[in-house]
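Remarks on the overall topology
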Amino acid sequence: MRDVFEVTAQDGAARIGELEIPRAGVTVETPTLMPVVNPNLITVEPSRFPEFGAEMLITNSYIINSDPDLNERAREEGLHEMLGFDGAIMTDSGSFQLAEYGEIDTTTEEILQFQHDIGSDVGTPVDIPTPPDAGREQAEEELATTQERLELAATVDVGDMLVNAPVQGATFPDLREEAARHAYNTDLDLFPVGAVVPMMNQYRYDDVAETVLAAKRGLGRDAPVHLFGAGHPMMFALAAALGCDLLDSAAYAIYARDDRYLTVHGTEHLDSLHYFPCECPVCTEHTPDEVERMGDAAREELLAEHNLHVSFGELRRVKQAIKSGNLMELVEARAHAHPRTLDGFRALLDHSEQLEQTDPASKDAFFYTSADSARRPEVVRHHRRLERLSPEGDVLLTEGSGNDRFDEWWNVTPPFGPFPRSLSTTYPLTAETPERMDRAGYEAAADGVAALAGANPDTEFTLAHRGWPDTALDCVPARVDTVDIAADE
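Residues numbered from 1 in each chain as written. Predicted model: local features only at pLDDT ≥ 70, side-chain atom pairs only at ≥ 80, totals over all residues. Heavy atoms only, no water.

1. Thoughts on the overall build of the protein
Across its full length, the protein holds 21 helices and 18 strands. Counting only C-alpha atoms, the protein reaches 90 × 55 × 40 Å along its principal axes. Within the span of the protein, comprising 489 residues, buried residues form 57% of the whole. Charged side chains in the protein number 38 positive and 89 negative. The centres of these two groups are separated by 4 Å. (Helix = DSSP H or I, 4+ residues; strand = E, 2+ residues; numbered from the N terminus. Buried < 20%, exposed > 50% of the residue type's maximum accessible area, 1.4 Å probe, protein only. Lys, Arg positive; Asp, Glu negative; His and termini not counted. Charge placed at Lys NZ, Arg CZ, Asp CG, Glu CD.)

This is the structure in structure tokens:
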């Protein structure tokens, strides 16, 4: 067991955790967002980050090491003093530059030693970030090199500095899972899922989901997971639902430089805004016209401040949803704001069986808000449970009232399907569902009927439904009698 990370609350794969950073002497609550600091181009002073909610930041040790002035300052002052930040600091190794420019002038041993010498709290070895859509042979070769470097990193004496073990493997789920399992079996501490920035830049959130979930299958529950480059608040809820514990954002500054304004639904350009749709101090104290008329530096700083406010506001919203057990409703709401985030949400739901393994059995409420709700882990779990139940005789499964001519009668509720009446007040069967249920909900309920009937071949079943569509009734086994009670009401 890794003793630096403890999960304190769970909702599906999402969790609230406590990450102990020994060298900084702090414990960071996760999910956490680390603003990225380019030491050559600081938009918001790191000393101000706690105003927004930041407990941790990330900067690039390769840039610092390669710049003689920064190198000297970092060695003399220490990283915390140089940046003016008292929280935890993670440093990257230059792997991003390797991906961008094809080569860097450092080794794993050298860069880890440098990160230690300048006072980094969490260091990173030099891994190879294989780009998405690379061929299988390239992905395997570069993964093998990364794994060798992780094993080497585990032998470098860095005292109480934590060390990242990046998980690579391009867009091959089996390689990501293998990479994660290998990384987890090292003595390293945190597990960044790398080389996903190109996917996010192309809005390939479904590929991001598949990549992260593959990595999670190879990691233990005590492994803190960092999604490299996940800096847009529109995808924080999805990232948490995938089981990511650390995120980092350069977007707050990069977007501000281009007059772009972050929201939880996407990005707006400053010159397209008549009103600021936000309650942060920047947006309540200024109008878009006022900000647009400012000088470049002042405008950039204010937009970056807004971008930080909206990012940390969304992070707090995500944490509260995890605590309340309704993160999936938040993910679904965010997903429907953009077709590509919807792709990511649906890719997440393709793995509901994986999510169900860590989803609490009881929560406060289940809200059915779209056809996608029919695929949630709670529905998967209920159908599995139906396979273990054994009603006997002649059994009525009904959306209406009982009938004495049957030996037993059970309730039926889309999207879950049948359940004993004694469970009608238990989660998730207390779900709030629309009066006008969609086909997906009825079809999921029919799958529940099929699961129960399949597990009890000697029991006779009658399904009394209220106008289920033919697509749902086609999912009901032929041996189950069906009657439409809506026709008689």
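2. Some points on the packing of helix α10 (residues 205-217) against helix α17 (residues 339-349)
Direction vectors running N to C along α10 and α17 enclose 30°, while the axes themselves pass 7 Å from each other. Between α10 and α17, the angle is such that the two are roughly parallel. Here the hand of the crossing between α10 and α17 comes out right-handed. For the pair α10 and α17, contact is made by Y205, D206, A209, E210 and L213 and by R340, T341, D343, G344, A347 and L348, respectively. Here the residues of the contact of α10 with α17 sort into five nonpolar, two polar and four charged. (Axes fitted to C-alpha atoms, helices over the stretch in contact; angles between N-to-C directions. Parallel < 35°, antiparallel > 145°, perpendicular 65-115°, else oblique. Left-handed = near helix turned anticlockwise from the far one by under 90°. Contact = heavy atoms within 4.5 Å. Nonpolar A, V, L, I, M, F, W, Y, C, P; charged D, E, K, R; others polar.)

3. Re the state of the cysteines
Overall, the coordinates contain zero disulfides when judged by the stated rule. C283 takes part in no disulfide bond, and the closest cysteine sulfur, belonging to C280, lies 3.6 Å away. (Disulfide = S-S within 2.5 Å.)

4. Considerations on the environment of E110
Take E110: it is sitting in helix α6 (residues 108-117). Expressed as a C-alpha distance, the spacing of E110 and N307, which sit 197 residues apart in the sequence, is 35 Å.

5. Regarding the sheet that holds strand β2 (residues 14-21)
The three strands lie next to each other as β1-β2-β3, forming an open sheet whose pairing is antiparallel. In this open sheet, the two edge strands, each paired with only one partner strand, are β1 (5-11) and β3 (26-30). Adjacent strand axes in the sheet meet at a mean angle of 15°, parallel and antiparallel pairs treated alike. Pairing analysis gives five bridges linking β2 to β3, with the strands arranged antiparallel. Within the sheet, the bridge partner assigned to E20 lies in β3 and is T27. (Pairing = 2+ DSSP bridges.)

6. Examining unusual backbone geometry
A cis amide bond, omega 5°, links P414 with the succeeding residue P415. Looking along the chain, the bond that leaves Y427 and enters P428 is cis, with omega of 5°. As for its position among the elements, P428 is in the loop between β16 (417-419) and α20 (439-455).

7. Section: the pattern of salt bridges
Per the stated rule, a full pass over the model turns up 31 salt bridges. For E356, the salt bridge goes to R384, with nearest N and O atoms at 2.9 Å. Of this pair, E356 sits in helix α18 (residues 352-356) while R384 sits in helix α19 (residues 377-386); the two residues are 28 residues apart in sequence, bridging distant segments of the chain. Given the relative accessible area of 11%, E356 is considered buried. Take R384: its relative accessible area is 33%, and that puts it in the partly exposed class. A salt bridge links E378 to K363; the nearest nitrogen and oxygen atoms lie 3.3 Å apart. Residue E378 is located in helix α19, and its partner K363 is located in the loop between α18 and α19; the two are separated by 15 residues in the primary sequence. Exposure remark for E378: the relative accessible area of 3% places this residue in the buried category. Within this structure, D11, E329, D359, K363, R376 and E378 form a network of salt bridges that share partners. (Salt bridge = Lys/Arg side-chain N within 4 Å of Asp/Glu carboxyl O.)

8. As for the side chain of R381
Checked against the element boundaries, R381 lands in helix α19. The class of R381 is buried, set by a relative accessible area of 9%. Excluding its chain neighbours within four sequence positions, the residues that come into contact with R381 are E356, D359, P360 and A361.

9. Notes on the nonpolar core
Counting residues in hydrophobic clusters, the biggest one holds 99 residues, and the most contacted among them are F49, L227, L327 and L348. A total of nine residues in this core trace back to one element, the largest contributor, which is helix α15 (residues 296-324). Once you skip the residues sitting within four places of it in the chain, F49 turns out to touch P35, V37, V44, A54, L57, F85, Y252 and L308. One finds Y368, V379, V476 and V480 within the second-largest nonpolar core, a separate group that totals 29 residues. (Core = buried A, V, L, I, M, F, W, Y, C linked by side-chain atoms within 4.5 Å.)

10. Structural notes on the packing of aromatic side chains
Enumeration over the complete set of coordinates arrives at seven aromatic pairs. On the numbers, 5.2 Å between centres and 65° between planes, the contact of F366 with F416 is edge-to-face. Highlighted residues: F366 in the loop between α18 and α19 and F416 in the loop between β15 (408-413) and β16, separated in sequence by 50 residues. The buried category is assigned to F366, whose relative accessible area is 0%. (Phe/Tyr/Trp six-rings, centres within 6.5 Å; stacked < 30°, edge-to-face > 60°.)

11. Some remarks on the environment of L150
One can find L150 in helix α7 (residues 136-153). When the C-alpha atoms of L150 and P360 are compared, they prove to be 34 Å apart, with 210 residues separating the residues in sequence. Aside from chain neighbours lying at most four places away, what touches L150 is P125, N164, A165, P166, H182, A183 and L188.

12. A word on the sheet that holds β16
The strand order across the open sheet built from five strands is β16-β15-β14-β17-β18, with neighbouring strands paired in mixed fashion. The open sheet is flanked by β16 and β18 (481-484), the only strands paired with a single partner. Each strand axis lies, on average, 25° off the axis of its neighbour in the sheet, ignoring direction. With five bridges connecting them, strand β14 (residues 394-398) and strand β17 (residues 460-465) associate as parallel partners. If you follow L396 over to β17, its bridge partner there is T462. Each of β14, β15, β16 and β17 touches α20; the most contacted strand, β16, lies at about 50° to it.

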